[in-house]
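# Chain and residue survey
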Amino acid sequence: LSFKIKAEKGQRVVEILTSYIRKTFDRSTKVLDFHHPHQLLEGIEGFNLELSDQPESLEQILVDCRDTLKYGVRTGHPRFFNQLSTGLDIVGLAGEWLTSTANTNMFTYEIAPVFVLMEQLTLKKMREIVGWPDGEGDGIFSPGGAISNMYSVMIARYKFFPEVKTKGMAAAPRLVLFTSEHSHYSIKKASAALGFGTENLILLNTDERFVLLFNLPAQIIEAKRKGYVPLFVTATAGTTVYGAFDPINEIADICEKYNMWLHVDGAWGGGLLMSRKHRHKLNGVERANSVTWNPHKMMGVPLQCSAILVRERGLLQGCNSMCAGYLFQPDKQYDVTYDTGDKAIQCGRHVDIFKFWLMWKAKVCFYLQTLITNVVPIFSYQPQHTNVCFWYIPPSLRSLPDGEERRQRLHKVAPKIKAMMMESGTTMVGYQPQGDKVNFFRMVISNPAATRSDIDFLVEEIERLGHDL
Ligand SMILES: *Cc1c(COP(=O)(O)O)cnc(C)c1O
């Protein structure tokens, strides 16, 4: 009987989920039902976050499920433009459900035989697409682009200074890393976490297209003159804010000349490798030593799904392996090279591969055709990617002369509009300042459900909310 009740409740949870999914794609529903933290903490109409000492009724558990979704954000809604990872893909969702049902761990073939092989085959396919001969090389799925980037810095250091693994940074000369001022902050975070120090990450200037400018050789020479050893350059393929693509071939020439590691951060733009029409933006990527590629961004795979691809085999294992005896027994009676877990910095590792593999099987070609080929030409100019950064200038500011007062007032416009937008819950878009630019909206289109009319809606909504500011 208890099993039967559970099965019925399980069925009702499925109904809650399907109703949520249906509403997510319904444009007459809101993107979010915003509440302040204190409101949610106080509890709303029978939904209480506090953990109590008594078990709740199954009815209440169902309410908890429904309201958790109700007060969250519908990131798959066609009018959600707030993040690079958006969308609600049904095949991906099915994959995630199967993954949780299997509830296993990626560290050994022993307990994840099918998933481990899927990961190996998918990584090989991705390396083929990058352009490495026969898909040779190495790689691993990691908890996100930030961690994938951190892997790249770690293995670059291991390649040139393997003794750091055992002796620490004191065993290496003073190392410096280079990246553009518009690269993702995770490179800086990796410099801090791995003991390089953020001051030893040199941020290079960019040109008017926000692409890395060619002061790199001069900076390398300057660093050497000061007694530093230049180790590593990141070229970003699709910067997070502006969607700019650094010229990989030119940077690869410089890295070859100075014997440095070249990492391509394609967390955001890597998806374009799947498009015949747009992959030229990553020309030269096959010359990289490592590549970050996040299928959970442009390819719409549910969070999380990110790969670090490495051209040279063996470095990941060499750099990270600790040979824990309770997991990685060398005398197992199968090919233990499939016990890939010791390449990771994690111990337990979530199965991120299955949903991606399933989506690839189901439709990856179709999907990319619709998304990348339809979204990029929505613009009336020639953008490099699907980022659009813009100011909304309310009528009250339009006649104001360009100057400090106008800047300061304009700086307040986007946060105000965003707050009203959250309250009305109709759409979501991000904003930020950057360098000497006051707060602007950063619109990113990576949601396959979004159409031209949704983008028009966002613009009209900004106008409606901001007109009287
Ligand atoms: C988003 C992003 C990252 C970080 O990826 P996460 O999966 O969020 O950790 C790294 N680099 C670039 C260029 C990005 O846009």
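Residues numbered from 1 in each chain as written. Predicted model: local features only at pLDDT ≥ 70, side-chain atom pairs only at ≥ 80, totals over all residues. Heavy atoms only, no water.

- The chain has the name Glutamate decarboxylase 1 in an unreviewed UniProt entry, where Oreochromis niloticus is given as its organism.
- In UniProt, the chain has this text filed under Catalytic activity (unreviewed entry): "L-glutamate + H(+) = 4-aminobutanoate + CO2".
- Taken directly from UniProt, the Cofactor (unreviewed entry) text for the chain runs: "pyridoxal 5'-phosphate". (UniProt positions renumbered as here; feature names shortened; annotations may be inferred.)

### Quick word on helix H9 (residues 216-225)
- Burial in H9 covers these residues: Leu 216, Ile 220 and Ala 223. The buried residues of H9 occupy an angular sector of 65° when the element is viewed end-on, so they sit on one face.
- On its buried face, H9 sits against strand E3 (175-180), strand E4 (201-204), strand E5 (229-236) and helix H10 (248-258).
- Residue Gly 227 follows H9 closely and has a positive phi angle near 95°. (Buried < 20%, exposed > 50% of the residue type's maximum accessible area, 1.4 Å probe, protein only. Helix = DSSP H or I, 4+ residues; strand = E, 2+ residues; numbered from the N terminus. Arc of directions from axis to C-beta. Contact = heavy atoms within 4.5 Å.)

### Here we look at empty space enclosed by the protein
- Enumeration over the complete set of coordinates arrives at 1 cavity of 30 Å³ or more.
- Here the largest cavity defines a volume of roughly 30 Å³.
- For the largest cavity, the full set of lining residues is Phe 390, Trp 391, Tyr 392, Leu 410, Val 413, Ala 414, Asn 439, Phe 440 and Phe 441.
- Among the residues making up the lining of the largest cavity, the classes are represented as 8 nonpolar, 1 polar and no charged. (1 Å grid on protein atoms, 1.4 Å probe; cavity = no way out; pocket = protein on both sides within 12 Å on 5 of 7 lines; lining within 4 Å. Points joined across faces, edges and corners; volume = space filled by probe spheres on them. Nonpolar A, V, L, I, M, F, W, Y, C, P; charged D, E, K, R; others polar.)

### Structural notes on the nonpolar core
- The biggest cluster of nonpolar side chains holds 50 residues, and the ones touching the most others in it are Phe 178, Leu 309 and Phe 356.
- Top contributing element to this core by residue count: helix H5 (residues 113-130), with 7 residues.
- Contact partners of Phe 178, with chain neighbours within four places excluded, come to Leu 201, Ile 202, Leu 204, Leu 216, Gln 219, Ile 220, Ala 223, Pro 230, Phe 232, Val 233, Thr 234 and Met 260.
- Core analysis: the second largest hydrophobic core is formed by 26 residues, Met 154, Ile 155, Phe 196 and Ala 344 among them. (Core = buried A, V, L, I, M, F, W, Y, C linked by side-chain atoms within 4.5 Å.)

### Observations concerning the site of the ligand
- Taken together, the neighbourhood of the ligand is formed by 15 residues, with Gly 145, Ala 146, Thr 240, Asp 265 and Lys 297 sitting nearest.
- In isolation the ligand has 380 Å² of accessible area, and contact with the protein removes 85% of it.
- Residue classes in the shell around the ligand are distributed as 4 nonpolar, 9 polar and 2 charged. (Near = heavy atom within 4 Å. Areas by Shrake-Rupley, 256 points an atom, 1.4 Å probe, with all protein chains shown as cover.)

### Here's the deal with the sheet that holds strand E7 (residues 290-293)
- Across the sheet, which stays open at both edges, the 7 strands sit in the order E2-E8-E7-E6-E5-E3-E4 with mixed pairing between neighbours. Two strands bound the open sheet, and with one partner strand each, they are strand E2 (138-142) and E4. The sheet shows a mean angle of 20° between the axes of neighbouring strands, direction not considered.
- Relative to E5, E3 runs parallel, the two being bridged by 4 bridges. Within E5, the position partnered with Phe 178 by the bridge is Val 233.
- Contacts from H9 reach E3, E4 and E5, with the element oriented near 160° to E3.
- Where H10 meets the sheet, it contacts E5 and strand E6 (261-266), and its direction lies at approximately 160° from that of E6. (Pairing = 2+ DSSP bridges. Axes fitted to C-alpha atoms, helices over the stretch in contact; angles between N-to-C directions.)

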